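Residues per chain are reported as follows:
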Amino acid sequence: MARYGMALDYKNCINCKACEVACKEENGVTLGADKHRIWVGVKEIEGEYPFLSISSSTFMPSQCQHCDDAPCQMVCPTNATYFDENRVVRVNTDQCILCSYCMVACPYDARFVDDRTMTVDKCNFCSDTRLAQGKTTTACQNTCPTKVRTFGDLDDPESEISELLRTRDHFSLKAHLGTNPKLFYLT
Amino acid sequence: MQVEISRRKFLQGTVAMSVVGGTAVSATNLFASDGHDSSDGGTNSAIPDSITTKTGEAKEVRNIPTLCEMCVNKCAAIARVEDGIVTKLDPNPMFPKSKNMLCPRGNAGIQALYDPDRLKYPLIRTGEKGEGKFKRVSWDEAFAYITEKTIKILDEEKDNRSSFLFCAGEGMAEHTFKTFYQGFGSGNWLNHASICLQTVASGYGVTIGAYPQSDLENAEYIIMAGANRAEAIVSPDTMDLFKRTKGRGAKLICVDPRFTNTAAKADKWLAINPGTDLAFVLALTYVVLTEELYNKEYVEAHFKGFDEYKNHVLTSGYSPSWAEPITNIKAKDIVKIAREFMAHAPKSIYYPGRRSTFAKNDFQLRRAMAIFQGLGGGIDCKGGLIFGSKVKIKGHSGLEPLYARAESRAIVKKKDAKKGEAGYDDCAVVSGGGSWLGWRNRFLENKMPYKVRGMFCYKHNPMMNMPNTAKTAEMLKRIELLVCIDTMPSDTVMYADVVLPECTYLERTDPVKTFGGVEPSIAQRNKVVDPLFETQPINTILRGLMGQLSKPLFEITKKYDEDVQEELAELEKAEVDENNETTGTGQTAEEKEVEVYAEFDLTKLFEHDQEHTNEHAVHDYPGAAEALKEHGVFYPKMSEYYKQISANVHQYYPEKLKSYSVFGGATKTASKKVECNLASMAKKGVDPMPTWRDDYNFSVPDGKFRLMTGRHAQFTQSGTANNSVLRDLMPENFIWINKRVAKEKGIAFGDTLEVTSSVGKVTIKAYPTEKIAPNQVFFIHGFGEESSALTWAYKNGGNDNAVIEDVLEPVYGAAAMHETNVEIRKV
C-alpha cells in the first residue's frame, strides 16, 4: 500500500527520448508515433534567426499524471479504469470495451489504443513489470541520462519524493482542473 | 503556478510526429518468425516472437552485466534474460563513467540483437560488386576462398604485405582485429580517426599532452562551441552538465551556427558563422591578454612560449572588433564572455568536444582552445580539464613478424616540397590511423607507390562514413578482394567478396578495458546470450581464418623473403663436447622451419578465449575477475566505496579520493607545460601558433547554402540506421532550411528537395525552421542507405556524404565536413 507519485526536475530534460524507448522495451508498447505512454513535449521556438528565444524552447517530459481525481476513471462505464492499491491509475483490459470515453476525458492526452488488444493503454508506473518484479522504480526514472525523475510514495513522509516536494518549488499541469495530478514539476 | 500543456500542440522531437501517423507495426511482433527471407536465403527462427518483461511467466531470469556498443561511449548495462531471451537492458549503476543511465540507443540494443536483417551466415559474392547478391557458404568455405585469393595476390605482389589494406571502426574489439593487421604485416591501417576526432585529439595532444576530460560536475562556467552534448551524448559529460544548467550552478555559453538542444539548455546562444570558431577563441585570448585577466601564477609555472604567443595575438590584432565581422558574434559579447570565463577560472571550461573535423583550421582551433583554457589555470584541477588516473591492467604480447618484402604505408611524399612546407601529398603529419580520404583518393588517382589489391574491413562502413560516396564506391569496386566482418549488411558489405558475420555485442565477451578519469574503474563486456545463427565473435572468426591462412602466408614469405630464406638455411650444428666429440645430430631443416615459423604463426594470436585473456589482464587484483563477471565493473575498494546515496545519486569514490588533480596543474607534454609555440610544426608547413588566415573566412555564393551535418541522441552514425525502435523515434532525416528562405522559395514542411553539390545529389524532405541561418542548411548524418538488405534503412532519408565534398584538412589529412556549398531545388 502506497500512493505513488513522481517528481520531475524537468529542466534537466534534453529530449533524448531514452525514457520513451525504455518504456516501450519494458512494457512491450507497440511502435508508432502515437503509441507513447511517455513523451517529451517540445514547442516550436519563438523568434527569428539569430534572435531566438531560449526561454521559449523548453522540453516538458510527461506521461499519465495518475490524478487522484482522475476524469478517465470517473467516465469509464465498465470500471475498466481503476485505482490499484498504490493509487496508480490502471486499465483492466478484460473489461475495456474501447468506448474511448477515457481518451476524451483525459486532459493530458495520456491514453492511446493498443492495436493488439484493441483496448486503451497508458502508463501504469511499470506496475505489472518492474514493480511486480520487486524493483522500486520505473523504467523511465531508471534509465534517464540526466535524472529527471524521482519516483516514490507520497504518503511516506520519509520518502525522497516527499522530502523533495517539501523543499523544492513545484507545479502541476492544468492544476485548475482539479484533477490532483501525482506528477510534480520541480522548478 | 499553472502551465497549459497539450501534447498534440507540440511537435514531437524535431519533426518526427508530424511526419508519420501511427504505423500499425508492433514492437513485439516485429520479430515474428514469418519466414522473412534475406538475400542469403536464411530464416529468422532464432529470433523470438515477442519481447517484453510483462509476462511474468519466465522459468529462468538472469541479469548479466555488459557494456553497451550502440555508440562509442561504452556505458554499463545489465541485460535481463528471460528463458534465454534478452527482454530488457537496464543501466548498471556501478559504473562511474555512465552513472546509472542508458540513452535511447542503449535501450534499443535489443533490436540490434534481434534485427531480422542481421548477417547470419558467411557469404560469398555471386553478383556484381555493390549488387548485394551472395551465396551462403560454410565458415570453412569462406576461409578457403579468402586464403586462395589472398595467397594469389601476395604471390603476384612478391610478399608485399602492404598490398592489403586493413581498416576498422571504433570498438572494444578493434584491438583484436588490429593484432591480425600487425601479424599480417601490412603498413596500411586506416581507422575512423581521420573522419572523426583526429584534429581535436592531436590539437590537445601536442598542446597539453593529452586529450583531456572535462569536470562538468564541478565547472561553474562552460563554453560549449561546436559541441552538442544534449544531442551527441557523451558519458559522463551529458549527465553531469544538464543537471546544473539553467541557473543551477553551471553557466553555459553555447556557440553553434544552429540552435541545438544544447542551445536550448544554455544561458546564451551565439550563432557563429561556420568555421570561424578560431577567430572567436583568438579574440577571447586577446581580451584576456590585454586586460591581464589570465592566471599569472599558472602561466609562470606551466606555460612554454607564452611571451611569443602573447606578442603574436596582440600584434596580429585579434581584437573583439576584428572578430565580430568574421564570426558574427558581437565584440561586446566576446569581451563579456572572456571576463566571465576568467572570473570563474579555474572552474571554467572551454569544452574540448569530440567530433569530426568541420573546418580546415580545426587543428589550430583546438590548439587555441587548449591554450585559452590554460590561461585560466583550469588544467588538471577540479572544475577544469582533467587527466585523471587509471587502474592499470596487464597487456598481452602480440606478434609482429618482420617481412623484408613489406613496403611501408602507402604515402606519397611531395617531390618538390620546399623547406617549411608539408612533406606529403595530402597532409603534413602522417598519423597512426592515416588519412582515409587522402588514401582513397590517391588509390583512385593511381598514385600509390605500389599496388594495393586486397582489403580486410572490420565493422567499418566507408560507403557511409566519409565524404564523396561515389568515390568510395569506385574504390571498393577496384579492390580485388574485399573481406567484410560485420553484424549488418551495410552499404560497404554490399561490395564485399566475402562476408564474415560477427555476433553483436550482447553475444560476446570483449577485451576488458580500463577507464581513466576522476573516478577510474575497469569494466568488462560479458557475453549475455550465445551467438545467434552462425555468427561468431571476432576472436573466434580470426582463429578460424588463421587456421587456414597462417601456413600458406608463411609459404609465400619463404618464397620471396631473403631474410627468412637465410634464417632457414642457418641450421644449428650439433654440439661438440669437451672431448671434441659431436653429440646429437644437429638441427634438421624441418626443425629449423618450426623454429622460424613460430615467429610467423598467426594462429597464436587468437588461441586463447577472451575470458581467459581477461582474467590474465586483471590478475593483479584479487577478486577482480569475479567482480567483472558479477558486476561488470571493478576498482580497488569498490565494495567499500560504492553506495547509493539517493534514487539518482551513487557514490563511487569518497570526494577526497577523486583524481581531480594528479600532476599539480602540470600538463602531459614532454616539457610538462602548455606548448604555445611549436617550432617542430613550422618545419612541416604548419603554423607554429594558432593564426587566422583570410581563406578561413566564411562566405557562401548567392543562391547557395553551406551544408552542415551532425549527430543526435537517437542514432549513431549509420550503425543504428536499421534499428526499428530508434526509427520509431525518428523515421527519417530532414533538411533544416531557414523558414523565411523556405517561404520565399515556396518550400513547405515535408516537401522533397534535391540537394546538389559538385560531387553528387540527394533528395530529402524539408524542415523549415528559424533554428538555422538563411545561408545554411543542415541534416543529420547516417541516413539514406543504399543497401537493399536493410529493411528499414534502405533509401530512407538522405546520405550527407553523397554530397559532402572531399576536402582535406591540411595537418592530418582529416575530412573537413563543413566546407561544402550546395544548391537546393524543390522536386
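This one's a predicted model, so the numbers in the text were calculated from it and none came from an experiment.

1. Some points on the overall build of chain A
Helix and strand counts for chain A stand at five helices and twelve strands. Expected size for 187 residues packed as a compact globule is a radius of gyration near 16 Å; at 17 Å, chain A falls within 12% of this value. C-alpha atoms of chain A, sized along the principal axes, occupy 55 × 40 × 35 Å. The proportion of buried residues among the 187 residues of chain A is 65%. Within chain A, contacts between residues at least 6 apart in sequence are counted, and of these 58% link residues at least 24 apart. Of the roughly 6,700 Å² of accessible surface on chain A, 49% is carried by carbon and sulfur atoms.

2. Considering the overall build of chain B
Within chain B, the regular secondary structure consists of 26 helices and 33 strands. A globule of 827 residues ought to have a C-alpha radius of gyration of about 28 Å, and chain B, at 28 Å, matches this closely. Across its three principal directions, the C-alpha atoms of chain B cover 95 × 70 × 60 Å. Considering chain B as a whole, with its 827 residues, one finds that 63% of them fall into the buried category. Of all intrachain contacts in chain B linking residues separated by at least 6 positions in sequence, the fraction that spans at least 24 positions is 73%. Of the side-chain charges in chain B, 102 are positive and 108 negative, and the distance between the mean point of each set is 8 Å.

3. Overview of the side chain of Glu809(B)
All names here are of chain B. Within the element layout of this structure, glutamate 809 appears in the loop between β32 (776–780) and β33 (821–826). Buried charge without a salt bridge: glutamate 809, with arginine 366 as the nearest opposite-charge side chain at an N-O distance of 9.7 Å. Among the polar contacts listed, one links the side chain of glutamate 809 to the backbone nitrogen of valine 811, at a separation of 2.9 Å. Discounting chain neighbours no more than four positions away, the residues touching glutamate 809 are Thr199, Thr357, Ala359, Lys360, Phe363, Asp426, Ala814 and Ala816.

4. A closer look at the sheet that holds strand β12 (residues 251–255) of chain B
Residues and elements named next belong to chain B. Strand order in this open sheet of four strands is β13-β12-β11-β15, and the pairing throughout is parallel. Each end of this open sheet is capped by a strand with a single partner; those strands are β13 (268–270) and β15 (348–350). Pairwise comparison of adjacent strand axes, ignoring direction, gives a mean angle of 15° for this sheet. Note that β12 and β13 share three bridges and pair parallel. Its bridge partner being in β13, isoleucine 253 is matched across the sheet by lysine 268. The strands touched by helix α14 (residues 362–375) are β11 (221–225) and β15; relative to β15, the strand with the most contacts, the crossing angle is about 170°.

5. So, unusual backbone geometry
For the peptide bond that leads from Ser235(B) to Pro236(B), omega is 5°, which places it in the cis range. One can find Pro236(B) in the loop between β11 and α7 (237–241). For the bond from Ala345(B) to Pro346(B), the omega torsion is 10°, close enough to zero to count as cis. Relative to the assigned elements, Pro346(B) resides in the loop between α13 (331–344) and β15. The phi dihedral of Cys126(A) is positive, around 55°, even though this residue is not glycine. On the secondary structure map, Cys126(A) appears in the loop between β9 (119–121) and α4 (139–143). Even without being a glycine, Lys795(B) presents a positive backbone phi close to 50°. Here Lys795(B) shows up in the loop between β32 and β33.

6. Looking at the sheet that holds strand β5 (residues 85–91) of chain B
All names here are of chain B. Strand order in this open sheet of three strands is β3-β4-β5, and the pairing throughout is antiparallel. A single partner strand is all that each edge strand has here, and the edge strands are β3 (61–67) and β5. Averaged over all pairs of adjacent strands, the angle between strand axes in this sheet comes to 30°, irrespective of strand direction.

7. Some words on the side chain of Asn441(B)
Residues and elements named next belong to chain B. Mapped onto the elements, asparagine 441 comes out in helix α15 (residues 436–444). By relative accessible area, asparagine 441 is classed as buried at 10%. Here asparagine 441 is in contact with Lys471 and Asp806, once residues within four sequence places are set aside.

8. Digging into the domain arrangement of chain B
Residues and elements named next belong to chain B. When the domains of chain B are assigned, the result is domain 1 (123–196 + 400–503 + 526–545), domain 2 (198–388 + 664–682), domain 3 (549–572 + 584–606) and domain 4 (699–826). Put simply, the middle of domain 1 and the middle of domain 4, counted by C-alpha atoms, are 28 Å apart. Residue-level contacts link 26 residues of domain 1 with 27 residues of domain 4. When domain 1 packs against domain 4, close to 2,000 Å² is buried across both sides, 57% of that on carbon and sulfur atoms. Inspection of the domain 1/domain 4 interface yields two salt bridges. Between aspartate 806 and lysine 471 there is a salt bridge whose closest N-O contact spans 2.7 Å. When contributions to the side of domain 1 that touches domain 4 are tallied by element, the ones reaching two or more residues are α15, α16 (462–465) and α17 (469–478). For the side of domain 1 that touches domain 4, the leading source of residues is α15, giving four residues. Tallied by class, residues from the side of domain 1 that touches domain 4 come to twelve nonpolar, ten polar and four charged.

9. A look at the interface of chain B and chain A
Where the parts come together, the accessible area they lose is often given as the size of the interface. Contacts between the two partners involve 79 residues from chain B and, on the opposite side, 68 residues from chain A. Between chain B and chain A, roughly 6,300 Å² of surface is buried when both sides are summed, and carbon and sulfur atoms account for 53% of that area. At the surface where chain B touches chain A, the tally comes to seven salt bridges. For Lys24(A), the salt bridge is made with Asp728(B), and the minimal N-O distance between the two is 2.6 Å. Taken together, chain B and chain A are joined by 22 residue pairs in polar contact (both at pLDDT 80 or more).

Cut-offs used in this document
- Residues numbered from 1 in each chain as written.
- Chains lettered and ligands numbered in written order.
- Predicted model: local features only at pLDDT ≥ 70, side-chain atom pairs only at ≥ 80, totals over all residues.
- Heavy atoms only, no water.
- Helix = DSSP H or I, 4+ residues; strand = E, 2+ residues; numbered from the N terminus.
- Rg over C-alpha atoms; globule rule 2.2 N^0.38 Å.
- Buried < 20%, exposed > 50% of the residue type's maximum accessible area, 1.4 Å probe, protein only.
- Contact = heavy atoms within 4.5 Å.
- Areas by Shrake-Rupley, 256 points an atom, 1.4 Å probe, with all protein chains shown as cover.
- Lys, Arg positive; Asp, Glu negative; His and termini not counted.
- Charge placed at Lys NZ, Arg CZ, Asp CG, Glu CD.
- Salt bridge = Lys/Arg side-chain N within 4 Å of Asp/Glu carboxyl O.
- Polar contact = N/O pair within 3.5 Å; in protein donor to acceptor, adjacent residues only side chain to side chain.
- Pairing = 2+ DSSP bridges.
- Axes fitted to C-alpha atoms, helices over the stretch in contact; angles between N-to-C directions.
- Domains from an automatic or database assignment.
- Buried area = accessible area lost by both parts, 1.4 Å probe.
- Nonpolar A, V, L, I, M, F, W, Y, C, P; charged D, E, K, R; others polar.

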